[in-house]
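Spelled out, the chains give:
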Amino acid sequence: MGGKHPAPAQPFLCCLTWIAAALLAMLALPTAAEVARMPAPAPTVATSGPPQPAAPPPFNRALTETVLREVLTALRDRYIEPVSLPDLAFRAATGLGSLAPEISVRRGDGEWRLAADGRALGSWREPAAADAQGWAGMLAAMAAAAATAPGLRGTSEPQMLMALSEPLSAALDPYTRYVPPAEASAAQGRRRGESGIGVRAVPAADGAAIVEVLEDSPADHAGLSEGDRIIAVDGVRLRGLSEPAIAAMLAGDEDTRIVLSVRQGRGAALRQVAIIRALVVPPSVHWERRGDVAMFRVSTFNRLTDQHLARALLDAQAGTVPLRGIVLDLRGNRGGLLRQAVAVVDLFVAQGEIAATRGRHPDAARTYVAAGADLAARLPLLVLVDGSSASAAEIVAASLQARGRAAAVGSSTLGKGLVQTVIRLPDGGELVLTWSRVLIPPGVALNGIGVVPVLCTVPGRETVPARILALHNGTVPDWLRAWHRAGGAGPGRAELLAAREACPPRDGGPEDLEAALALLADPAALANALGQPPAASTVRPPRPPRLIAGAN
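Here's a quick rundown of the structure. For clarity, every value in this text was computed on a predicted model and none was experimentally measured.

Let us now look at the pattern of salt bridges. This model, assessed by the stated rule, comprises 16 salt bridges. As a salt-bridge pair, Glu111 and Arg113 come within 2.8 Å of each other at their nearest N and O atoms. Shared partners join several salt bridges into a network, and the residues in it are Arg297, Asp329, Arg331, Arg506, Glu511 and Asp512.

On to the packing of helix α11 (residues 338-346) against helix α12 (residues 392-402). Running from N to C, α11 and α12 cross one another at 30°; their axes reach a closest spacing of 9 Å. Classified by the interaxial angle, the pair formed by α11 and α12 is roughly parallel. In this structure, α11 meets α12 at a crossing whose hand is right-handed. Judged by residue contacts, Leu338, Ala341, Val344 and Val345 of α11 engage Ala392, Ile395, Val396, Ser399 and Leu400 from α12. Class assignment for the residues of the contact of α11 with α12 results in eight nonpolar, one polar and no charged.

Turning next to the side chain of Ser412. Within the element layout of this structure, Ser412 appears in the loop between β19 (406-410) and β20 (418-424). At 2.6 Å, the side chain of Ser412 forms a polar contact with the backbone oxygen of Cys503. With near-sequence residues (within four places) excluded, Ser412 lies in contact with Asp386, Gly387, Val451, Val452, Pro453, Arg500, Cys503, Pro504, Pro505 and Arg506.

This part takes up the sheet that holds strand β1 (residues 103-108). In spatial order, the strands read β1-β2-β3; together these three strands make up an open sheet with antiparallel pairing. Every other strand in the sheet has two partners, leaving β1 and β3 (119-125) as the edge strands with one partner each. If you compare each strand with its neighbour and ignore which way they point, the axes differ by 20° on average. Here six bridges tie strand β2 (residues 111-116) to β3, and the two strands are oriented antiparallel to one another. Directly across from Ala115, in β3, lies its bridge partner Ala120.

Among the structural elements, Arg263 can be located in strand β10 (residues 257-263). Looking at Arg263, the relative accessible area reads 5%, which means it is buried. A distance of 2.4 Å separates a polar atom in the side chain of Arg263 from the backbone oxygen of Ala268.

Let us look at the environment of Leu260. Summarising the element assignment, Leu260 is placed in strand β10. Sequence spacing of Leu260 and Arg271 is eleven residues, and the spatial spacing of their C-alpha atoms is 8.1 Å. Excluding its chain neighbours within four sequence positions, the residues that come into contact with Leu260 are Ile197, Leu224, Ile230, Ala232, Val233, Leu250, Arg271, Gln272, Val273 and Ile275.

The step from Pro441 to Pro442 runs through a cis peptide bond, and the omega angle for that step is 5°. Inspection of the secondary structure puts Pro442 in the loop between β21 (430-440) and β22 (444-445). For the bond running from Val458 to Pro459, omega is 5°, close enough to zero to count as cis. Within the secondary structure, Pro459 is located in the loop between β23 (455-456) and α13 (464-472). The phi torsion at Asp216 lies on the positive side, around 65°, for a residue other than glycine. Along the polypeptide, Asp216 turns up in the loop between β7 (207-213) and α8 (218-221). Despite not being glycine, Ser391 shows a phi value in the positive range, around 55°. Relative to the assigned elements, Ser391 resides in the loop between β18 (381-385) and α12. Judged by its relative accessible area of 13%, Ser391 falls in the buried class.

The biggest cluster of nonpolar side chains holds 127 residues, and the ones touching the most others in it are Ile103, Leu114, Leu328 and Phe348. What Leu328 contacts, discounting residues up to four positions off in sequence, is Phe296, Val298, Leu309, Phe348, Leu381, Leu382, Val383, Leu384 and Val396. Listed in part, the 18 residues of the second largest apolar core include Ala201, Val213, Leu224 and Val273.

Rules used throughout
Residues numbered from 1 in each chain as written. Predicted model: local features only at pLDDT ≥ 70, side-chain atom pairs only at ≥ 80, totals over all residues. Heavy atoms only, no water. Salt bridge = Lys/Arg side-chain N within 4 Å of Asp/Glu carboxyl O. Axes fitted to C-alpha atoms, helices over the stretch in contact; angles between N-to-C directions. Helix = DSSP H or I, 4+ residues; strand = E, 2+ residues; numbered from the N terminus. Parallel < 35°, antiparallel > 145°, perpendicular 65-115°, else oblique. Left-handed = near helix turned anticlockwise from the far one by under 90°. Contact = heavy atoms within 4.5 Å. Nonpolar A, V, L, I, M, F, W, Y, C, P; charged D, E, K, R; others polar. Polar contact = N/O pair within 3.5 Å; in protein donor to acceptor, adjacent residues only side chain to side chain. Pairing = 2+ DSSP bridges. Buried < 20%, exposed > 50% of the residue type's maximum accessible area, 1.4 Å probe, protein only. Core = buried A, V, L, I, M, F, W, Y, C linked by side-chain atoms within 4.5 Å.

This is how it looks when you write it as structure tokens:
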């Protein structure tokens, strides 16, 4: 009663834990001497309240008119089908209502009227039907008038342009669209690459931790690797910055110099690494060997895909074990650059037409012909496709299958046999415009059909053994025979649509690769799938179906 009690031990242990954690954290931080050599970040000005968002820039009527003129001129002259500028302009004008429901547009007797909640905002006489400049000027004037309505005050021209252009996709096709500047810049980076050093770094206690280094990038050549810490960029510390801010510090114009303060390993001294920024193209090709089969995954078609795949093909064939076949995985590949699709096909064929494009504009008519050697040395080739394989991926799979150079395995593809051209706009945005159709020799249109695989894995692996057995016994779809028949017209559209319906698009699964490997193991079935009857010495019974049906 009334005596002293010993103090509990838990608070003391917590203090020890805190002290230990602090000591460990200090080991990862720059030393005082290192910090002294780094300039501090630029000072910030304190405010009395939370940061206020920047006011949107005022509506720029002149820029809006210039952009609309470029868009309407391109649609008038280059779109795959003839267009009516008056109809397109009216659809565009009605898009203003998506920004504020009170906005309404009426047309009649050659005059257009704009109102907000029944209050007239202006009226305009129609220009000549083919006058792209006149229609652009009228739409820009309507947008400027709409910007005075209470619900639209402060609307910037990017918002106006999006509202005016979104109805065009509904009127034309899903792929023709206006792309605002920020999105356009990101798309250009995906197609051509972005200038930088080729790393992805995330915030860390002492700065930024490298979590990815792209192969053959400036950072790779400089010896940086995953796990390295970047403490500062050009003397400016990164501690406390977000991932986008770190990325902005590392990015910069091509051929510019950047100096990183890097720590490689816990407790290691900082070292200064000078790197010259370059155009960095993310790798789109990944490959591996599975015994005597080489598997190549192509995720997109950017400007270096053909070079990366060519190098991978040669590396795969340089092993001590000869290859028996190749699997080219295009599942989930949404496409990319048309010329890269042609170049990839050219890696596997030595001569002949690869594909053709046809459109209304004279420049849309192109024929692409193989002009190189078969880098795969005629090794049997199977292409994996699914419902997400589209555009350039479909061109590759369809062309190789139509020529008998490869057999497609999986499900039918998306069916986007249309080609878009990209037009840079004065505001930094882009117009993606459909201007041609893709034709696979001898002139079969891909749009709405896509690629129908010769070995369908829908609805699942349990159906595959019987289909391989049918191919082994010479049962080949009529549409495939029509494609392989020399001098023929190819399969009819109705025939291909029926085949597509029997093997509908769906997401790929492990059964696709299992089916491809089983087909490679059956020379007779493989030869029939390729339209190349095998020599008698190579014909042997198919593998037991349980090898596929029981696969995991």
